Amino acid sequence: MKYALLIYENESLYGPDKVGPKIQEIVSRHMAFNQELGTKRIGGSGLKGTATATTIRTTAGKKTVHDGPFAEAREQLGGFYLIEAENLTEAIEIARRVPVLQDGAIEIRPLLGE
Amino acid sequence: MNGAALDRVFREASGRIIAALAVRFRDLGLAEDAFSESCLRAVRTWPERGVPDDPAAWLFRVAERIALDSLRRKRLREQNPPEIPAAEPTAEQAMLEDSYLIPDERLRLIFICCHPAVAAEARAALTLRLVCGLTVTEIARAFLVQEATLAQRLVRAKHKIAEAGVPFELPSRSSWPQRLEAVLATLEIAYSKAHEDASGAGSHAGFAAELLHLTKLLTDLMPEAGEAFALAALIRYAEARRPARVDSDGVMIPLAKQDPGLWRRDLIAEGDALLIEAMGLAPSASRSLQAQLQRVWCRRRSLNEPAPWPTIVSLYDQLLERRDDPIVRLNRAVAVAEIAGAATALCDVEALAAPSLMDFLPFHAVRADLLVRTGQFDAARVAYREALRLEPNLAERRWLEHRLEALRYS
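Source: prediction; values computed, not measured. (Residues numbered from 1 in each chain as written. Chains lettered and ligands numbered in written order. Predicted model: local features only at pLDDT ≥ 70, side-chain atom pairs only at ≥ 80, totals over all residues. Heavy atoms only, no water.)

Asks: Mind showing me how you'd approach the pairing of strand 2 (residues 62-67) of chain A here?
Replies: Looking down a regular strand, the side chains alternate between one sheet face and the other. Sheet analysis places strand 1 (residues 54-59) of chain A next to strand 2 of chain A, joined by six bridges and oriented antiparallel. Within strand 2 of chain A, the residue paired with A:Arg57 across the bridge is A:Thr64. (Pairing = 2+ DSSP bridges. Helix = DSSP H or I, 4+ residues; strand = E, 2+ residues; numbered from the N terminus.)

Asks: Even after reading the chapter, I still don't get the sheet that holds strand 1 of chain A, so can you show me in this structure?
Replies: Consider a sheet: its strands pair through backbone hydrogen bonds, and that pairing is either parallel or antiparallel. All names here are of chain A. Spatially, three strands are ordered 2-1-3 in an open sheet, and the strand pairing comes out antiparallel. Of all strands in the sheet, those with a lone pairing partner are strand 2 and strand 3 (104-108), marking the two edges. Ignoring which end each strand starts from, the neighbouring axes of this sheet average 20° apart. Relative to strand 3, strand 1 runs antiparallel, the two being bridged by five bridges. When the sheet's bridge partners are listed, Thr54 is paired in strand 3 with Ile108. (Axes fitted to C-alpha atoms, helices over the stretch in contact; angles between N-to-C directions.)

Asks: Hey, could you run me through the interface of chain A and chain B in this one?
Replies: By convention, interface size is frequently given as the accessible area that disappears when the constituent parts associate. On the side of chain B, 15 residues touch chain A, which itself brings 17 residues to the contact. Interface of chain A and chain B: buried area, both sides summed, is about 1300 Å²; carbon and sulfur atoms make up 49% of it. Between chain A and chain B we count three salt bridges in total. Residue B:Arg156 is joined to A:Asp67 by a salt bridge in which the shortest nitrogen-to-oxygen separation is 2.7 Å. (Contact = heavy atoms within 4.5 Å. Buried area = accessible area lost by both parts, 1.4 Å probe. Salt bridge = Lys/Arg side-chain N within 4 Å of Asp/Glu carboxyl O.)

Asks: In this structure, what is going on with a nonpolar patch on the surface? I would like to understand it.
Replies: Residues and elements named next belong to chain A. A cluster of nonpolar side chains, contributed by Leu6, Tyr8, Leu77, Phe80 and Leu82, occupies part of the molecular surface with about 560 Å² of accessible area. Mapped onto the secondary structure, Leu6 falls in the segment before helix 1 (21-37). Accessibility expressed as a relative area gives 36% for Leu6, which makes it partly exposed. (Patch = residues over 30% accessible without salt bridge, like charges linked within 9 Å, V, L, I, M, F, W, Y side chains within 5 Å. Areas by Shrake-Rupley, 256 points an atom, 1.4 Å probe, with all protein chains shown as cover. Buried < 20%, exposed > 50% of the residue type's maximum accessible area, 1.4 Å probe, protein only.)

Asks: I would appreciate a short explanation of the nonpolar core in the present structure.
Replies: General note: in soluble globular proteins, nonpolar side chains tend to be found buried as a group. Membership of the largest hydrophobic core comes to 101 residues, with the highest contact counts inside it found for B:Leu59, B:Leu109 and B:Leu218. B:Leu293, B:Trp297, B:Ala337 and B:Leu407 belong to the second-largest nonpolar core, a separate cluster that totals 45 residues. (Core = buried A, V, L, I, M, F, W, Y, C linked by side-chain atoms within 4.5 Å.)

Asks: Looking at this structure, how should I read the packing of helix 1 (residues 3-25) of chain B against helix 5 (residues 106-113) of chain B?
Replies: Geometry of a packed helix pair, given as the angle between the helix axes and the separation of the axes. All names here are of chain B. At a minimum axis distance of 8 Å, the contact between helix 1 and helix 5 shows a crossing angle of 70°. Between helix 1 and helix 5, the angle is such that the two are roughly perpendicular. Two secondary-structure elements touch here, helix 1 through Gly15, Arg16, Ile18, Ala19, Ala22 and Val23 and helix 5 through Arg106, Arg108 and Leu109. (Parallel < 35°, antiparallel > 145°, perpendicular 65-115°, else oblique.)

Asks: What is the right way to read the side chain of B:Glu396 from this model?
Replies: Residue and element names in this part refer to chain B. Mapped onto the elements, Glu396 comes out in helix 19 (residues 394-406). The buried charged residue Glu396 lacks any salt bridge partner; its closest oppositely charged side chain belongs to Arg245, at an N-O distance of 7.6 Å. Once residues lying within four places of it in the same chain are set aside, the contact partners of Glu396 are Met252 and Leu361. (Lys, Arg positive; Asp, Glu negative; His and termini not counted.)

Asks: How do you make sense of a negative patch on the surface when you look at a structure like this?
Replies: A cluster of acidic residues, A:Glu84, A:Glu86, A:Glu90 and A:Glu93, forms a negative patch on the protein surface. With respect to the element layout, A:Glu90 can be found in helix 2 (residues 88-97). (Charge placed at Lys NZ, Arg CZ, Asp CG, Glu CD.)

Asks: It is not clear to me how helix 16 (residues 342-352) of chain B should be interpreted in this structure. Could you clarify?
Replies: Structural remark: α-helix, 3.6 residues per turn; residues separated by three or four positions point the same way. Residue and element names in this part refer to chain B. Ala342, Ala345, Leu346, Val349 and Leu352 are the residues of helix 16 that are buried. One side of helix 16 holds all its buried residues, which, seen down the axis, span an arc of 110°. Exposed and facing more than 90 degrees away from the buried side of helix 16 are Cys347 and Ala351. (Arc of directions from axis to C-beta.)

Asks: Can you walk me through the packing of aromatic side chains in this structure?
Replies: The relative placement of two aromatic rings is captured by the distance of their centres and the angle of their planes. Residues and elements named next belong to chain B. Taken as a whole, this structure holds three aromatic pairs over all chains when the rule is applied. Where Phe10 meets Trp46, the ring centres are 6.1 Å apart and the plane angle is 50°; that geometry is what we call tilted. Of the two residues, Phe10 sits in helix 1 while Trp46 sits in helix 2 (residues 28-49), which places them 36 residues apart along the sequence. On the accessibility criterion, Trp46 (4% relative accessible area) is buried. Arranged with centres 5.1 Å apart and planes meeting at 85°, the rings of Trp297 and Trp309 form a pair that is edge-to-face. Highlighted residues: Trp297 in helix 13 (residues 286-298) and Trp309 in helix 14 (residues 309-322), separated in sequence by twelve residues. Take Trp297 and Trp309: they sit in the same class, and that class is buried. An aromatic cluster of at least three residues, connected via ring pairs, comprises Phe10, Trp46 and Trp58. (Phe/Tyr/Trp six-rings, centres within 6.5 Å; stacked < 30°, edge-to-face > 60°.)

Asks: Is there a simple way to think about the packing of helix 5 of chain B against helix 6 (residues 120-130) of chain B in this case?
Replies: Residue and element names in this part refer to chain B. In the contact formed by helix 5 and helix 6, the axes pass within 9 Å of each other and the chain directions differ by 150°. Considering their axes alone, helix 5 and helix 6 lie roughly antiparallel with respect to each other. Here helix 5 and helix 6 pass one another in a crossing that is right-handed. Residues Leu109, Ile110 and Cys113 of helix 5 form the contact with helix 6, whose own contacting residues are Arg123, Leu126, Thr127 and Leu130. The class makeup of the residues in the contact of helix 5 with helix 6 is five nonpolar, one polar and one charged. (Left-handed = near helix turned anticlockwise from the far one by under 90°. Nonpolar A, V, L, I, M, F, W, Y, C, P; charged D, E, K, R; others polar.)

This is the structure we're talking about:
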């Protein structure tokens, strides 16, 4: 069994670009946690803020690109891929191919430090 | 060179320079800041040392140096520096001719501003700011939003482009059809803002010319994109009529009453050539039909010739088959009034009363006119006041006020 642990926090705590003392504090705590997890950790990263998010929605089979994160109470985050793409255009192309059963949304977030 | 002349130089140069800097440094904010700083330096040094032969080339070189300095300082501040991108030597630069110094990267910049991941409501504003060089104040006024709101929208869009990896390359050919629609829609919004200013005396005067140029560039870049040709044609037909849109008292003149003798035949001829291409490539596209509508008007040679109302109605019918749109229905009603009478047209307009039209000035203006023509003067007065409430531009305000004044003794 593999798990994705998705961390929900109020991102404004870390300031607009997630730089500064608060992020340093949390990063060092994550590093300690990573040590603790040892080989149980497969991968993961902090994400840039929701202002950098792009969402591809599927509604009745039609895919549309939106600026912003996915916010809809009906669907919940059910998994994530870590991908390598040349730029946002390519990332959108790949995200369009991620299968969804019915309606749904794929949110694209660049990793922190990219 | 006085302040106004300087301002004109800066505005005309800004699109090309910001685009060239943005693509070179892959940073919209840096490009914008460096260009502003170079304008400030021009204001300080030109009056003393004289205006350079090619002001745009001067501004570009200074802005480029400012951007490089700024990157170096940033590099010193940060421990692990971003690589300063090397300038791509171009044939133009090798010639070292001032006027060839600035590569034209405006189309690339438009594609960046209109990336699907940039919020749709920010795309036109960002294009107007960076490519057409309008100020935040001017754009906010054009879109009827608070300046602070617009400024925030622009900052957010630039941040998204910088942080989320929006590419600075032109999109690959295979994705153009998908990307082109956002670009055309943005240029359309931008032009509608330029067109609203009937007299052309306002702050938008320069950017209508810029849009003529940009739409032509788009057709050069995408010779198979019929809708790009259609938009380029449409903008030319609409601009051709600019000299006839306002009378000597600054009052708007409706299309059917404009003197075709004043219309610019050079632009109409350009529009015709572009429309032929558009009709060959995309004969049934809405934009081709819209360009045809404009062309039908532009074929009129004098006010003695009858207005082409029957053709106009049939073209609007074809447009409605493609997309049922309340604004198209409203425009159709104007033509219907001339053929089937004001009462029939008024029925069509009353049937529209969609909430989305309540803040749409032409809805109230058209309705008011039809009410006058059917003898309903009190209702017409209310409708004119409603139109005036929606902040028309000066020429349109004067026209509406005249119409309202004429109802005084009715």
